[in-house]
Amino acid sequence: MASESTAAADGPGDAESAVPARRRGRLTFDLDVEICVVGGGLAGLTVALEAARTGANVVVLEGRHVGWNASGHHLGTAMPGYALPLSDLIARVGFNDAYELWSLSRAGADYVRAHAAEQAIPGLGIPGLGLTEGVLEVSNVDAGERLISHLQMLSEDFSTEVEGWQVDRVRDTLRTGRYFHAVHYPRAFQIDGRRYVHGLAELARNAGARIFEDTPVIGIDPFGIRKRIVTPRARLRASHLVLAGNVHLGDALRRLSDTLVPVWRYAGVTSPLGSRLAEAMTFQGSVIDTDGIDHFRIVDGDRLMWASPETTWEARPDRQKAAIRGRIGTIFPQLGAVEIAKVFCGAIGQTVHGMPQVGQLQPGLWVASGFGRQGLSTSAMAGQLIARGMLERDDRWRLFAPFELVWAGGKTGRAAGHAIGMAMRARSAAAGTLARYRERARIKARERQARLNAADRKSTPL
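Reading the values: the criteria
Residues numbered from 1 in each chain as written. Predicted model: local features only at pLDDT ≥ 70, side-chain atom pairs only at ≥ 80, totals over all residues. Heavy atoms only, no water. Helix = DSSP H or I, 4+ residues; strand = E, 2+ residues; numbered from the N terminus. Buried < 20%, exposed > 50% of the residue type's maximum accessible area, 1.4 Å probe, protein only. Contact = heavy atoms within 4.5 Å. Expected span 1.5 Å × (residues − 1). Core = buried A, V, L, I, M, F, W, Y, C linked by side-chain atoms within 4.5 Å. Pairing = 2+ DSSP bridges. pLDDT = per-residue confidence, 0-100. Phe/Tyr/Trp six-rings, centres within 6.5 Å; stacked < 30°, edge-to-face > 60°. Lys NZ or Arg CZ within 6 Å of the ring centre and 35° of its normal. Axes fitted to C-alpha atoms, helices over the stretch in contact; angles between N-to-C directions. Parallel < 35°, antiparallel > 145°, perpendicular 65-115°, else oblique. Left-handed = near helix turned anticlockwise from the far one by under 90°. Nonpolar A, V, L, I, M, F, W, Y, C, P; charged D, E, K, R; others polar. Salt bridge = Lys/Arg side-chain N within 4 Å of Asp/Glu carboxyl O.

S.K.: What is the right way to look at the environment of Glu339 in this model?
M.R.: Among the structural elements, Glu339 can be located in the loop between α8 (321–331) and β15 (340–350). Under the relative-accessibility criterion, Glu339 is labelled exposed at 53%. Separated by 71 residues in the primary sequence, Glu339 and Gly268 place their C-alpha atoms 9.8 Å from one another. With sequence-adjacent residues up to four places away left out, Glu339 is seen in contact with Thr270 and Ser271.

S.K.: So what exactly am I meant to see when it comes to the environment of Ile386 here?
M.R.: In this fold, Ile386 is placed in helix α9 (residues 376–391). Residues contacting Ile386, with those up to four places away along its chain left out, are Val47, Val242, Val358, Gly359, Trp366, Val367 and Ala368.

S.K.: Help me understand helix α1 (residues 42–53), please; the structure alone is not making it clear to me.
M.R.: Helical geometry: 3.6 residues make up each α-helical turn, so side chains three or four residues apart lie on a common side. Spanning 12 residues, α1 covers 17 Å between terminal C-alpha atoms, matching the ideal 16 Å at 1.5 Å per step. Across the 12 residues of α1, 11 count as buried, placing the element largely inside the fold. Every buried residue belonging to α1 is among Leu42, Ala43, Gly44, Leu45, Thr46, Val47, Ala48, Leu49, Glu50, Ala51 and Ala52, and all of these are buried. Downstream of α1 by a residue or two, Gly55 has a phi angle that is positive, lying close to 95°.

S.K.: It is not clear to me how the side chain of Thr46 should be interpreted in this structure. Could you clarify?
M.R.: On the secondary structure map, Thr46 appears in helix α1. Leaving out residues up to four positions away in the same chain, Thr46 has contacts with Tyr111, Leu200, Ser379, Ala380, Gly383 and Gln384.

S.K.: Help me out: how do you make sense of the nonpolar core in this one?
M.R.: Nonpolar side chains tend toward joint burial in soluble globular proteins. Among the nonpolar cores identified, the biggest contains 69 residues, and Val58, Leu89, Leu101, Tyr196, Val242 and Phe400 are the most heavily contacted of them. Those residues in contact with Val242, other than ones at most four positions away along the chain, are Ile35, Cys36, Val37, Val38, Val47, Trp366, Ile386 and Met390. Within the second largest apolar cluster, 25 residues are counted, among which are Leu136, Met281, Phe283 and Ile331.

S.K.: Mind showing me how you'd approach the pairing of strand β13 (residues 295–299) here?
M.R.: Across a regular strand the side chains alternate sides, sitting on one face of the sheet and then on the other. Within β13, five of the five residues are buried, leaving the element largely enclosed by the surrounding structure. Burial of β13 is two-sided: the residues His295, Arg297 and Val299 facing one way and the residues Phe296 and Ile298 facing the other way are all buried. Alignment of strand β12 (residues 286–289) against β13, held across two bridges, turns out to be antiparallel. In the strand pairing of β13, Val287 is matched with Phe296.

S.K.: So what exactly am I meant to see when it comes to the confidence of the model for the chain here?
M.R.: When pLDDT drops low, the exact placement of atoms in the prediction is not to be read closely. Summarising the model, the chain shows a mean pLDDT of 83, and 79% of its residues fall at 70 or more. Note that pLDDT drops below 50 for residues 1–11; the model gives that stretch 30 contacts with residues more than four away or on any other chain. Considering only residues more than four positions removed or in separate chains, one finds that residues 407–424, a stretch of pLDDT under 50, has 19 contacts.

S.K.: Help me out: how do you make sense of the pairing of strand β9 (residues 227–230) in this one?
M.R.: Residue alternation in β9 divides its side chains into a buried set, Lys227 and Ile229, and an unburied set, Arg228 and Val230. Bridge analysis of strand β8 (residues 219–221) against β9 gives three bridges, and the strand direction is antiparallel. Paired with Ile220 across the bridge in β9 is Ile229. Two successive antiparallel strands, β8 and β9, enclose a turn made up of five residues, where Gly224 displays a positive phi of approximately 85°. Pairing analysis gives four bridges linking β9 to strand β10 (residues 235–243), with the strands arranged antiparallel. Among the inter-strand pairings, Ile229 is bridged to a residue of β10, identified as Leu236.

S.K.: Looking at this model, I keep getting lost on the packing of aromatic side chains. Mind explaining?
M.R.: Per the stated rule, a full pass over the model turns up 11 aromatic pairs. With 6.3 Å between their ring centres and 75° between their planes, Tyr82 and Phe400 make a pair best called edge-to-face. Taken together, the residues span a long stretch of sequence, with Tyr82 in the loop between β3 (77–78) and α2 (86–93) and Phe400 in the loop between α9 and α10 (410–459) at a distance of 318 residues. Relative accessible area serves as the criterion here: at 11%, Tyr82 is assigned to the buried category. Linked through ring pairs, Phe95, Tyr99, Trp102 and Phe158 together constitute an aromatic cluster. Positioned above the aromatic ring of Trp68 is the side chain of Arg64, whose terminal nitrogen or guanidinium carbon lies 4.0 Å from the ring centre.

S.K.: Mind showing me how you'd approach the packing of α1 against helix α6 (residues 193–207) here?
M.R.: Two quantities define a packed helix pair, namely the angle between the axes and the distance from one axis to the other. At a closest axis distance of 8 Å, the pairing of α1 and α6 adopts a crossing angle of 25°. Classified by the interaxial angle, the pair formed by α1 and α6 is roughly parallel. As α1 packs across α6, the resulting crossing turns out to be left-handed. Taken together, the residues of α6 that come into contact with α1 (itself represented by Leu42, Leu45, Thr46, Ala48, Leu49, Ala52 and Arg53) are Tyr196, Val197, Leu200, Ala201, Leu203, Ala204 and Ala207. Its residues placed into classes, the contact of α1 with α6 shows 12 nonpolar, one polar and one charged.

S.K.: How should I be thinking about unusual backbone geometry in this particular structure?
M.R.: A negative phi angle characterises most non-glycine residues, just as the trans form characterises most peptide bonds. Positive phi outside glycine occurs at Ser159, with the angle close to 50°. In this structure, Asp214 is a non-glycine residue whose phi angle is positive, near 50°. As for its placement among the helices and strands, Asp214 is situated in the loop between β7 (210–212) and β8. Using a relative accessible area of 27% as the deciding quantity, one classes Asp214 as partly exposed.

S.K.: Would you mind going over the pattern of salt bridges with me for this structure?
M.R.: Opposite charge on two side chains makes pairing possible when the charged atoms of those side chains draw close. This model, assessed by the stated rule, comprises 13 salt bridges. For the salt bridge of Arg24 with Glu213, the shortest nitrogen-to-oxygen distance reads 3.0 Å. On the criterion of sequence distance, the pair formed by Arg24 in the segment before β1 (31–38) and Glu213 in the loop between β7 and β8 is long-range, its members being 189 residues apart. Side by side, Arg24 and Glu213 carry an identical accessibility label, which is buried. Two residues, Asp110 and Arg187, come together in a salt bridge whose shortest N-O distance is 3.9 Å. Highlighted residues: Asp110 in helix α3 (residues 95–116) and Arg187 in strand β6 (residues 182–190), separated in sequence by 77 residues. You can call Arg187 partly exposed: its relative accessible area is 47%. Within this structure, Arg24, Glu202, Arg205 and Glu213 form a network of salt bridges that share partners.

Here's what the structure looks like:
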């Protein structure tokens, strides 16, 4: 980012270009602090904000600039839950701990909502965050009784406000035959994620945290009461060291980055679609398919922001335009030719076990990572948990103890992840095709039976 007035050039869409790019200098002098946070993304800034509000002496070290990677390049959806399916979470940790973990994710969404409210960031130069309500999780297979069971568990056992949508309602709102049933989360929401991360940085700075950009960590000594951190131009000592980075933490923090499978998620923003967009969808919130392939929503009134596809290997974003156009055309062929005005991407780190890595690795060494596919609310929750764990001896971070750092397999793991992803998408596509074939067959059978019944009535004498 070049200057105070320079617009962010690599944000998710045109609406993002109004984000002010505050210049935060490099660290060029030695420091002795209470808390050092490595990583200026959503989790790290939340730790810094919450710790600074208690009066702690906090420094954030960011190797590039605030929100430069995954934290500034996402669709801004906040909803309860984790990448690990709820049924698998219960099987792993038991019902009681699963309930507590789910409650923490709900609290994370509430935290984001409170801080995304325009009045929560007065005078920071951050425009309105464009909060819109509702997330629709759609199924591309006929969910049937599984949907009812899932709704009952969320509503009755996990105190989550949800409602089930039958096929007719789904297709009246999303004019496509690709989807069947859906789960609607009316309390979930979405915001302009890039503006939110910059708003967090300003809130943290106003609370007393110091944020240094262009300051990569090139060495750490995490042992002893005072941790030692080395940067290109300065050295630090800290009582607490928080590793809140992603797959780009580098050699100094290889132990952590090697536990993450790097996945590049590409998203595009269409040119204005005008009135024809209403012919495809009228839902103003986010739409997520249950197979994790497509994630989209309306922005700026008549544009689509669409995330798909993803890969474990980095590619030039512009080369993904055709793939994004193809997905839009597959779901909403009535839109015709769609121009992709902009493509953006961010590398997310996915864990092997599907849960974020949150907690204390050893006395004074903390981790907040692995937020790939976890949603905006999870990073907020992790930041709060770690700040309270350090300063208030709140030990709820121990709920994440069963999900330890697990080596992700290096390049072999990336290749395996890519192959598994392709296989899952192929299996999902096949299941969707089969479900739509069965639906058409049922419709034809009903029509045939109706014709036979009509013929019988005509041929039967009164």
